[in-house]
Amino acid sequence: MMHRPIHELTDAYRRGDLTPTAAAESYLARIAALDQRVGAYLTVVRDDALAAAVESERRWRAGTPLGPLDGAPLALKDVLCTRGVRTTCGSKILEKFVPPYDATVVERLRAAGAVVLGKTNLDEFAMGSSTEHSAFHPTRNPWDLTRVPGGSSGGSSAAVAGGLAAGAFGTDTGGSIRQPAAFCGVVGMKPTYGRVSRYGVIALASSLDQVGPFAQDVEDTALLLAAIAGHDRRDSTSIAAPVPDYMAELSKGVEGLTLGLPDEYFIDGMDPEIERAVREAIEVLRGLGARIERVSLPTTRHALAAYYIILPAEASSNLARYDGVKYGLRVAGRDLIDMESRTRAAGFGAEVKRRIMLGTYALSAGYYDAYYGKAQSVRTLVRREFAAAFAKVDLIVAPTTPNVAFRHGEKEDPLSMYLNDVFTIPGNLSGIPGVSVPCGFSGAGLPIGLQILGRPLDEARVLRAAYAYEKATAWRTRQPELV
Amino acid sequence: MIDRKDVEHVARLTRLHLTEAELERMREQLNSILAHLDTLRLVDTTGVEPTSHAVDVVNVMREDVEEPCFSQDAMLANAPDRSGELFRVPRIIEE
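As the structure is a prediction and not an experimental result, all values here were calculated from the model.

Topic: the overall build of chain A
Turning to step 1, where the next piece is worked out: Looking only at helices and strands, chain A features 16 helices and eleven strands.
Turning to step 2, where the next piece is worked out: Over its C-alpha atoms chain A spans a radius of gyration of 21 Å, differing by no more than 12% from the 23 Å that the globule rule assigns to 483 residues.
Turning to step 3, where the next piece is worked out: Taking the principal axes of the C-alpha coordinates as reference, chain A spans close to 65 × 55 × 45 Å.
Turning to step 4, where the next piece is worked out: The 483 residues of chain A split such that 63% are buried.
Turning to step 5, where the next piece is worked out: Taking as baseline every contact in chain A between residues at least 6 positions apart, the subset at least 24 positions apart corresponds to 76%.

Overview of the environment of Asn403(A)
Residue and element names in this part refer to chain A.
Turning to step 1, where the next piece is worked out: Here Asn403 is to be found in the loop between β9 (395-399) and α14 (414-418).
Turning to step 2, where the next piece is worked out: In this structure Asn403 comes out as partly exposed when scored by C-beta crowding, with 18 C-beta atoms within 10 Å.
Turning to step 3, where the next piece is worked out: Sequence separation between Asn403 and Ala345 is 58 residues; the distance between their C-alpha atoms is 34 Å.
Turning to step 4, where the next piece is worked out: Apart from residues lying up to four places away in sequence, Asn403 is in contact with Asp271 and Ile274.

Observations regarding the interface of chain A and chain B
A common way to express how large an interface is: the accessible area buried when the components associate.
Turning to step 1, where the next piece is worked out: Contacts between the two partners involve 54 residues from chain A and, on the opposite side, 42 residues from chain B.
Turning to step 2, where the next piece is worked out: Every element with two or more residues in the side of chain A that touches chain B is listed here: α10 (300-318), α11 (336-347), α12 (350-363), α13 (369-392) and α14 of chain A.
Turning to step 3, where the next piece is worked out: Here the side of chain A that touches chain B gets ten residues from one element, more than from any other, and that element is α13(A).
Turning to step 4, where the next piece is worked out: In terms of residue class, the side of chain A that touches chain B is made up of 24 nonpolar, 18 polar and twelve charged.

Thoughts on the sheet that holds strand β2 (residues 73-77) of chain A
Residue and element names in this part refer to chain A.
Turning to step 1, where the next piece is worked out: Judged by pairing direction, the sheet is mixed, and its eleven strands sit side by side in the order β1-β3-β2-β4-β6-β5-β10-β11-β9-β7-β8 without closing on themselves. In this open sheet, the two strands that pair with only one neighbour each are β1 (41-44) and β8 (291-295). Within this sheet the neighbouring strands show an average axis-to-axis angle of 30 degrees, counted without direction.
Turning to step 2, where the next piece is worked out: As judged from the five bridges shared by β2 and strand β3 (residues 115-120), these two strands associate in the parallel manner. Bridge pairing in β3 places Ala75 opposite Gly118.
Turning to step 3, where the next piece is worked out: Contacts between helix α7 (residues 218-228) and the sheet are confined to β4 (167-171), β5 (187-190), β6 (211-215) and β10 (434-441), with β6 contributing the most and set at about 150 degrees to the helix.

Topic: the environment of Asn420(A)
Residue and element names in this part refer to chain A.
Turning to step 1, where the next piece is worked out: With respect to the helices, strands and loops of the structure, Asn420 is situated in the loop between α14 and α15 (425-430).
Turning to step 2, where the next piece is worked out: Once the C-alpha coordinates of Asn420 and Pro402 are considered, the two residues, 18 residues apart in sequence, prove to be 6.6 Å apart.
Turning to step 3, where the next piece is worked out: Beyond its immediate chain neighbours, meaning those up to four positions away, Asn420 contacts Ser129, Gln179 and Thr401.

Brief notes about the packing of α12(A) against helix α1 (residues 4-13) of chain B
Turning to step 1, where the next piece is worked out: Remark: α12(A) packs on α1(B), axes separated minimally by 9 Å, with the N-to-C direction vectors making an angle of 100 degrees. Classified by the angle between their axes, α12(A) and α1(B) sit roughly perpendicular to one another. Of the residues in α1(B), those touching α12(A) at Met357(A), Thr360(A) and Tyr361(A) are Val10(B), Ala11(B) and Leu13(B).
Turning to step 2, where the next piece is worked out: Residue composition of the contact of α12(A) with α1(B), by class: five nonpolar, one polar and no charged.

So, the pairing of strand β7 (residues 258-262) of chain A
All names here are of chain A.
Turning to step 1, where the next piece is worked out: Sheet topology places β7 next to β8; five bridges connect them, and they run parallel. Within β8, the position partnered with Thr258 by the bridge is Arg291.
Turning to step 2, where the next piece is worked out: Note that the unit made of β7, helix α9 (residues 272-287) and β8 has a crossover that is right-handed.
Turning to step 3, where the next piece is worked out: Relative to β9, β7 runs parallel, the two being bridged by two bridges. From the neighbouring strand, Leu259 faces β9, where its bridge partner is Leu395.

The rules behind each value
- Residues numbered from 1 in each chain as written.
- Chains lettered and ligands numbered in written order.
- Predicted model: local features only at pLDDT ≥ 70, side-chain atom pairs only at ≥ 80, totals over all residues.
- Helix = DSSP H or I, 4+ residues; strand = E, 2+ residues; numbered from the N terminus.
- Rg over C-alpha atoms; globule rule 2.2 N^0.38 Å.
- Buried ≥ 20, exposed ≤ 12 C-beta atoms within 10 Å, placed from the backbone.
- Contact = placed C-beta atoms within 7 Å.
- Nonpolar A, V, L, I, M, F, W, Y, C, P; charged D, E, K, R; others polar.
- Pairing = 2+ DSSP bridges.
- Axes fitted to C-alpha atoms, helices over the stretch in contact; angles between N-to-C directions.
- Parallel < 35°, antiparallel > 145°, perpendicular 65-115°, else oblique.
- Right-handed = clockwise from strand over helix to strand, strands pointing away.

The structure is reproduced here in structure tokens:
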């Protein structure tokens, strides 16, 4: 049962072959047995999950389920505020923080009948690409426990890959959903910036952060996105556009669509196994009737540098709130400033400190134009190039990552870690939607991800291409053996 | 290049107490990262407007309607130190 997608679980609920309580109990038992080795969860909410499952079971019995997610056992990245359940952001500074409210995303999932199993691990404050740098413990990749699951939403991707949740949610600021989805062989989607409310999502970089789903397959991805998408008056950057019926669009195929292949994403020195898997995937899509065209996104090579100014700048401002006064850790000091400085020194890990320093420097007097202003202009160029490409093509296809999952401790140098996000960052800078869908395995048996990017708010077409590809291939049938 | 005084200045601005060893390591790492980020200078951005945000919405307004908000207790529940209805902090103004 553990690697069955949500839509199959709910089909079984409908038929009466399975109950939400039995499903939740199986997942909780599996978490208890296996998560010590994977480390996907920071908090498991056994009693709450079972109570929600009982409610769901009652609704299915009465023939009144709340929808296609009623009774779905899900995991939430620990940046999503959950009322009454501690939300740590993977940081010592929020170790005991218990939010008084649910994030809008969580509120919508509960209203859809979802059963929340627990909160998943991440790199502290979502700063990282490996989930090694949580203040609590690292997460391991279910395909190979010596390797990282990607990050920063690595707890969520490992939970879905390892059969420790039927689906999960994460956040993607520079690739933190798509990259771990690729590393763990699951589907992961970053919606258009503004498609999903950020209310109650602990902020990293406010102009880039976006919540999205991890799933066993594309159909589940569409179901999970549909549950959370749409305007929220509590997030003034959320977009007031109607949400299309993703499920109705899903099976329309790729015939007649034009897919763009960006030259800059197929570069000298890229991992040959990834290049081969992605090129084969493109041939599959061509075989399904898509037209393939080359496109150019020349500013891609500068996107990483622009991102590593914009992100730390926004993060340094967002993280200023952790001052030992209103919530979180406090370390005593001789006066207010000393208390704040010692609290932040004790509460933040090395990477968080580095980015706060970098961001504060980039925003400080005399450097603002040279760094922050410049990066924002480069961002305009990245956006313009995508817009020009999307005038010619419907979707862009590319690798999700330049390499497969690496070993724990392999990327100690901050810069080499940053380079992991080189193919995902441009999507965040331009705000466009993207999905990573499994497209093969390396010789060592590690998953490879195909990235499909679309026009702003065109999630339906992105999902449609991913669905067509998934249906034409059998990668999904392979699962890691965690026994 | 960032020197030691810059690092100390930025640490003070951002309220981060760093040890001697941390200040030195931070100086090295920031210089190495900034050297990479300096490649941005190569991009010609003459006349290119900055993008602060990928969504073209400006000044979103809504009706100013009164509605229930969190109780004082809920807001103070996570405070490391409180005094009645207030957050308590170390003395700010000298006696």
